[in-house]
Amino acid sequence: MDGGGSAATIDHLFRRQHGRMVAVLTRIFGMHNLKLAEDVVQDAFCRASEIWKVDGLPENPPAWLMAAAKNRALDAIRRERTARNFAPELDRLLRSEWTVAPTVNEHFGANAIRDDLLRMMFSCCAPAISEESQVALILNILCGFGVDEVAGAFVSGHAAVEKRIARAKKILAASGMLFEVNSASEFATRLPAVQRALYLLFNEGYHGACAETAMRTELCREAIRLIREVLAHPNGAAPASFALAALMCLNAARIPSRKDHSGNLQPLSDQDRSQWDRDLIAEGLRLLEHSASGTELSQYHVEAAIAAAHANAPSTEATDWRQVVSLYDMLMQIQPSPVVALNRAIAVGQSEGPERGLMALDAIGGSERLARYPFYAAARADFELRLGHRDAARAHFGDALAAARNPDEKRYLAQRLAACGDVSAPLQR
Amino acid sequence: MAEFAYLYRGGQRPSSPEQSQQIMQKWVAWMKELGEKGHMVDRGQPLEQSGKLVKAGNRSVTDGPFAEAKDVVGGFTLIRAKDIAEAAELAKGCPILERGGDVEVRPIMQMNM
């Protein structure tokens, strides 16, 4: 069998399958045996690697992995059943040789696995677990990110992330059962927390401090994959879920143009819009339409509408900034934050000119929190530059540069700073 | 041309599914290259990490592992090369080296009657 040739078709296969495999095994073993489920999955991956590296890839790698997980699960049940209890409702069936294999088989059906993935996702978003830990847990369990990879995504230390994940897993294991996704009322109660965690996961990729483009894209893609799983469930297809998915698609569509060919950050105004992903934009707009049913107007609806305003505009100049400002006004009502206020001020500057932009920046309350956010000082510098105040612009770009969180931001802001001194350079928008 | 056995020993376990997959893909590529260049005799088989040890004397049977984890043979491959120098040179491409493992290169004894 040709080993290397089909390698491209299994991009991130292990990572993708991890969540499904752990979820179905946890359903069978019981939530208290999460660790056992993870060990069995790791074992299945080890076996796959050992065998595939000699024999090459099998016909259907995902099915091979699932079959390996199932066989390892049966081994684990037979080995462990005198020493531990499994999921309460299955325990009796797993103890008897008559019923163990059919029971395990039944749970490895495609629909069962899909529901188990959602059960795990909803379990990870339990109120007892902090939002930050929920996102780490989703990345670790559902997206198959190792501790180092989660730490890389969050730009934090290995030890801190390891501790956070371990603590969250302890809570998860103690919670007794996986969340039941087939109860409509319980589903609806937990859904906002799940939406929020996926939103944070997406934003970590889209706006976070991690500089590596591949990692950012991967986080965004994972968030989209998981929100699609939510939408696929009859209980999950709520207006806010559609809006969140729309928001993710419309923003992710711009990822390819956020850096130019030499790897430099490109602000929205300078991006090559021909590079925007038209398929994602079309999907985003379609999802946004679906989100319009019902009376609910969530934060995600408004943010998706803002993203749609950009996606529909052929250029910065042709953007309907007045509409963007009014959407930000709406967002300030629903979900006020310094960053929302900053983005509103930038839109005001585009719509009504740099003086108004500066006034809007000055009016932001609680802006101490923004001091550490480089794009606050950069926005101020931009407005000053457009007013011809090169010295002020230089000072603010200097502040922005000092607050830069990664090499990309540093390089971009250093360029802007340098351009302020050059009198012959055109004033940038 | 002579034949050689590669014995793979040790090597750190991968720390994530992604890493596990990447290592596997490197192996697939390396094995493929050996094959394409006409060096592959037998891809061999991976070995389980555990097993039994039968001892001389009273022929007692004990459980593995038999050695430090870094010394456990995880698999083998049979290759063909001009001489042991070339066999060793080819082994330098083995992905196990990136994971702190070793490749032991052993000529297969020839039965020249």
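A. Main features of the overall build of chain A. In terms of regular secondary structure, chain A is built from 20 helices and zero strands. Here the C-alpha radius of gyration of chain A, 24 Å, is about what a compact globule of 429 residues would show, namely 22 Å. Summarising its shape, the C-alpha atoms of chain A cover approximately 80 × 50 × 40 Å along the three principal directions. Looking at chain A as a whole, 54% of its 429 residues are labelled buried. Considering only contacts in chain A between residues 6 or more positions apart, those separated by 24 or more positions represent 66%. Accessible surface, chain A: about 18500 Å² in total, of which carbon and sulfur atoms supply 54%. The distance from the centre of the 48 positive side-chain charges to the centre of the 51 negative ones in chain A is 3 Å.

B. Geometry of the interface of chain B and chain A. At the interface, 20 residues of chain B touch 27 residues of chain A. Together chain B and chain A conceal approximately 1900 Å² of surface at their shared face, both sides included; 55% is due to carbon and sulfur atoms. Contact with chain A buries area across many residues of chain B, yet B:Pro17, B:Glu18 and B:Met24 alone supply 28% of it, more than any other trio. In this structure, the connection of chain B to chain A is made through two salt bridges. A salt bridge links B:Glu48 to A:Arg47; the shortest N-O distance between them is 2.6 Å. Taken together, the connections running from chain B to chain A amount to eight residue pairs in polar contact (both at pLDDT 80 or more). Here the side of chain B that touches chain A takes 11 residues from helix α1 (residues 17-36) of chain B, the largest share from any one element.

C. Highlighting the packing of helix α1 (residues 13-29) of chain A against helix α2 (residues 34-55) of chain A. Residue and element names in this part refer to chain A. Packing of α1 against α2 brings their axes to within 8 Å, and their N-to-C directions diverge by 140°. Judged on the interaxial angle alone, α2 and α1 are oblique. α1 and α2 meet at a crossing whose hand is right-handed. Listed contacts from α2 to Leu13, Phe14, His18, Met21, Val22, Leu25, Thr26 and Phe29 of α1 are Leu34, Leu36, Ala37, Glu38, Val40, Val41, Ala44, Phe45, Ala48, Ser49 and Trp52. Looking at side-chain class alone, the contact of α1 with α2 contains 15 nonpolar, three polar and one charged residues.

D. Spatial organisation of helix α13 (residues 278-290) of chain A. All names here are of chain A. In this model α13 runs 18 Å from its N-terminal to its C-terminal C-alpha over 13 residues, within 8% of the 18 Å that 1.5 Å per residue would give. The set of residues buried in α13 consists of Leu280, Ile281, Glu283, Gly284, Leu287 and Leu288. What you see down the axis of α13 is that its buried residues fit within an arc of 165°, all on one side. Among the exposed residues of α13, those pointing more than 90 degrees away from its buried face are Asp279 and Glu289. Looking at the buried residues of α13, the elements they touch are α11 (213-232), α12 (239-252) and α14 (299-312). A distance of 3.0 Å separates the backbone nitrogen of Asp279 from a side-chain oxygen at the start of α13, and that oxygen is part of Asp277.

E. Local environment of α1(B). Residues and elements named next belong to chain B. With 20 residues, α1 should reach 28 Å at 1.5 Å per residue; the first-to-last C-alpha distance of 28 Å fits that figure. Along α1, the residues that are buried comprise Pro17, Glu18, Ser20, Gln21, Ile23, Met24, Trp27, Val28, Trp30, Met31 and Leu34. Directly after α1, the chain includes Gly38, whose backbone phi takes a positive value near 80°.

F. Representation of the layout of surface pockets. Size it by volume and the second largest pocket reaches roughly 920 Å³. Forming the boundary of the second largest pocket are 34 residues, of which A:Cys46, A:Glu50, B:Arg13, B:Leu47 and B:Gln49 lie nearest the centre. Only α2 of chain A together with α1 and β5 (73-81) of chain B provide two or more residues apiece to the lining of the second largest pocket. Broken down by element, the residue count for the lining of the second largest pocket peaks at eight residues, all from α2(A). Residues belonging to the lining of the second largest pocket are distributed by class as follows: 16 nonpolar, nine polar and nine charged.

G. Structural view of a nonpolar patch on the surface. Residues and elements named next belong to chain A. Taken together, the side chains of Leu297, Met330 and Ile334 present a nonpolar region at the surface, about 240 Å² in accessible area. Within the secondary structure, Leu297 is located in the loop between α13 and α14. Taking relative accessible area as the criterion, Leu297 reaches 48% and is therefore assigned partly exposed.

H. Structural context of the nonpolar core. All names here are of chain A. Membership of the largest hydrophobic core comes to 111 residues, with the highest contact counts inside it found for Phe29, Met120, Ile138 and Leu198. For this core, the element with the most residues is α12, which contributes 11 residues. If we skip the residues at most four places from it in the chain, Leu198 touches Met121, Ile138, Ala223, Leu226, Ile227, Val230, Leu244 and Met248. Grouped together as the second largest cluster of nonpolar side chains are 24 residues, Trp321, Val324, Ala341 and Leu358 included.

I. Quick peek at the side chain of A:Glu229. Residue and element names in this part refer to chain A. Mapped onto the fold, Glu229 is located in helix α11. On the accessibility criterion, Glu229 (11% relative accessible area) is buried. Of the polar contacts made by the side chain of Glu229, one reaches the side chain of Arg114; its length is 3.4 Å. Glu229 has contacts with Arg114, Leu117, Leu118 and Met121, leaving out every residue within four places of it along the chain.

J. Up close: the confidence of the model for chain B. Averaged over every residue, the pLDDT of chain B is 90; residues scoring 70 or more account for 96%. For chain B, the element scoring lowest by mean pLDDT is strand β4 (residues 61-63) of chain B, at 86; helix α2 (residues 84-91) of chain B scores highest, at 97.

K. Layout of the pairing of β5(B). All names here are of chain B. The sheet contact formed by strand β1 (residues 2-9) and β5 spans eight bridges and is antiparallel. Paired with Ala5 across the two strands is Leu78, which belongs to β5. Where strand β2 (residues 40-42) and β5 come together, two bridges link them in antiparallel fashion. Across the sheet, the residue bridging to Met40 is Ile79, located in β5.

L. Region of interest: the sheet that holds β5(B). Residue and element names in this part refer to chain B. An order of β2-β5-β1-β6 is seen for the four strands of this open sheet, with the pairing classed as antiparallel. Unpaired on one side and paired on the other, β2 and β6 (102-107) mark the two borders of the sheet. When the angles between neighbouring strand axes are averaged without regard to direction, this sheet yields 30°.

About the thresholds
Residues numbered from 1 in each chain as written. Chains lettered and ligands numbered in written order. Predicted model: local features only at pLDDT ≥ 70, side-chain atom pairs only at ≥ 80, totals over all residues. Heavy atoms only, no water. Helix = DSSP H or I, 4+ residues; strand = E, 2+ residues; numbered from the N terminus. Rg over C-alpha atoms; globule rule 2.2 N^0.38 Å. Buried < 20%, exposed > 50% of the residue type's maximum accessible area, 1.4 Å probe, protein only. Contact = heavy atoms within 4.5 Å. Areas by Shrake-Rupley, 256 points an atom, 1.4 Å probe, with all protein chains shown as cover. Lys, Arg positive; Asp, Glu negative; His and termini not counted. Charge placed at Lys NZ, Arg CZ, Asp CG, Glu CD. Buried area = accessible area lost by both parts, 1.4 Å probe. Salt bridge = Lys/Arg side-chain N within 4 Å of Asp/Glu carboxyl O. Polar contact = N/O pair within 3.5 Å; in protein donor to acceptor, adjacent residues only side chain to side chain. Axes fitted to C-alpha atoms, helices over the stretch in contact; angles between N-to-C directions. Parallel < 35°, antiparallel > 145°, perpendicular 65-115°, else oblique. Left-handed = near helix turned anticlockwise from the far one by under 90°. Nonpolar A, V, L, I, M, F, W, Y, C, P; charged D, E, K, R; others polar. Expected span 1.5 Å × (residues − 1). Arc of directions from axis to C-beta. 1 Å grid on protein atoms, 1.4 Å probe; cavity = no way out; pocket = protein on both sides within 12 Å on 5 of 7 lines; lining within 4 Å. Points joined across faces, edges and corners; volume = space filled by probe spheres on them. Patch = residues over 30% accessible without salt bridge, like charges linked within 9 Å, V, L, I, M, F, W, Y side chains within 5 Å. Core = buried A, V, L, I, M, F, W, Y, C linked by side-chain atoms within 4.5 Å. pLDDT = per-residue confidence, 0-100. Pairing = 2+ DSSP bridges.

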